Amino acid sequence: MSAQSIPLQSPRQANWIISGREDLTWFIGSSLVSYAVLGLMVAGFPITPLYVIWLFGIDGPHVWATATRTYLDNNERRRLGSLLWVVVPAILVGPAMVAAGAESLFYVLAIAWLHYHIAKQHFGFVMLYKHKARDRHDYLLDRWFLLASLMLPFARFIVKGAYTNLYAVPLVGNLETLVLAAYGVLALAFVVRQFQKWKDGISVNAPKLMLFAVVVPLQWLAFGYAATTGSDGAIRAGIVLGLFHSFQYHRLMWFHNRNHYSDPRFGASAGLAATLARRFVYYFAAAVLLNAALAALPTHWTMNSFVKAAYWGIAFTHYILDSRIWRVRGNKDLATALRLT
């Protein structure tokens, strides 16, 4: 989900995106699943069953859920036009880098984009909560504290795991100390600012702060644990963090699709996308089947490094399309479907 700034307009009766119950269950409370899975991993539970459930049942389908409002929507195909063909170069970039002898670099960059995509989605939810609460305060502080909290643990994990030789350079160790100190100052500023707003009688944006409270520790714990597990650390962190991300995404996508395609202006001409929006089971089954047939199963049937790198192009297409289709600014139909107007 894109972290585009959302204009503040009319007042809201509630500060929730859907409702208190739904938001606490899916947008905030689903983090408990990630914490539970992290606990299972730390306790020695085998990773294989967790990986299979994550890949086939939750995270993989969330990538294909994007198709339910893009490739399968007649109206969106016309609106997005040539952007939908981005899947072609996205699929080719991985094999090209493998052929050039840069396979390791490709996967570092791919995983970095994955986690930046997750960070952008969390900030997108922060912006939705700020809009709902008419919270005009601290845009830059919220943005930079959240992005630093989500990307700094990943950066330290990558450097320590993939580029350990850098730590032989004294400057790198000093730079890490400086960056961590700066982050500590930023975190302190964020906490002090919340206290200051409370003291000054400024309304506290509880849903936003609850999201911060669950996602920031999760990020540090997931990558801290992953750094101790060796070569599969990136997969373990991906499972933990991807679960929360995917639950959020599925619920928001279904909220959008149900609202958008129930409107006769769009449902009558959308085609298959409108049919899938009639029942959640239709939507979710389509995402699961597309993922299994076109990504998860084919990837596991081959050991070819070119093919495996190519399948990352599907995820890249998801990241690119998401950055476009969730932009609320200038898109009144999206704002209406998300009940922002």
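Residues numbered from 1 in each chain as written. Predicted model: local features only at pLDDT ≥ 70, side-chain atom pairs only at ≥ 80, totals over all residues. Heavy atoms only, no water.

In this structure, M41, L146, V240, W326 and L338 are the most contacted members of the largest nonpolar core, which totals 66 residues. When residues of this core are assigned to their parent elements, the largest contribution, twelve residues, is made by helix α10 (residues 233-261). With ten residues, the next largest nonpolar core counts V98, F106, A110 and A309 among its residues. (Core = buried A, V, L, I, M, F, W, Y, C linked by side-chain atoms within 4.5 Å. Buried < 20%, exposed > 50% of the residue type's maximum accessible area, 1.4 Å probe, protein only. Helix = DSSP H or I, 4+ residues; strand = E, 2+ residues; numbered from the N terminus.)

Before going further, it helps to spend a moment on the environment of S31. Within the secondary structure, S31 sits in helix α2 (residues 31-42). The exposure class of S31 is buried, given its relative accessible area of 1%. Spatially, the C-alpha atoms of S31 and L241 are 8.5 Å apart, while their sequence positions differ by 210 residues. Contacts of S31, omitting those with residues within four sequence positions, involve V214 and F244. (Contact = heavy atoms within 4.5 Å.)

The subject of this paragraph is the packing of helix α3 (residues 47-65) against α10. α10 packs onto α3 with a crossing angle of 40° between their chain directions and a minimal axis gap of 9 Å. Between α3 and α10 lies a crossing of left-handed hand. Residue-level contacts link I47, L50, Y51, W54, I58, D59, P61, H62 and A65 of α3 to I235, R236, G238, I239, G242, L243, H245, S246, F247, Y249, H250 and M253 of α10. When grouped by side-chain class, the residues that make up the contact of α3 with α10 number 13 nonpolar, six polar and two charged. (Axes fitted to C-alpha atoms, helices over the stretch in contact; angles between N-to-C directions. Left-handed = near helix turned anticlockwise from the far one by under 90°. Nonpolar A, V, L, I, M, F, W, Y, C, P; charged D, E, K, R; others polar.)

Now for the side chain of N205. Considering the arrangement of structural elements, one finds N205 in the loop between α8 (170-199) and α9 (206-226). On the basis of relative accessible area, N205 is assigned to the buried category, the value being 4%. Polar contacts involving the side chain of N205 include one to the main-chain carbonyl oxygen of Y129, which spans 3.2 Å. (Polar contact = N/O pair within 3.5 Å; in protein donor to acceptor, adjacent residues only side chain to side chain.)

Let us now look at the confidence of the model for the chain. Residues with a pLDDT of 70 or more make up 96% of the chain, whose mean pLDDT is 92. Of all the helices and strands in the chain, helix α13 (residues 280-301) carries the lowest mean pLDDT, 90, while α2 carries the highest, 98. Within the model, the stretch residues 2-13 combines pLDDT values under 50 with 34 contacts to residues more than four positions away or in other chains. (pLDDT = per-residue confidence, 0-100.)

Let us look at the packing of α10 against α13. The axes of two packed helices give the description: the angle between them and the distance between them. Interhelical geometry of α10 versus α13 gives an angle of 130° and a closest axis separation of 11 Å. What the angle tells us is that α10 and α13 run oblique. Here α10 runs over α13; the crossing is right-handed. On the side of α10, the interface is formed by H250, M253, W254 and N257, while α13 contributes F280, Y283 and F284. (Parallel < 35°, antiparallel > 145°, perpendicular 65-115°, else oblique.)

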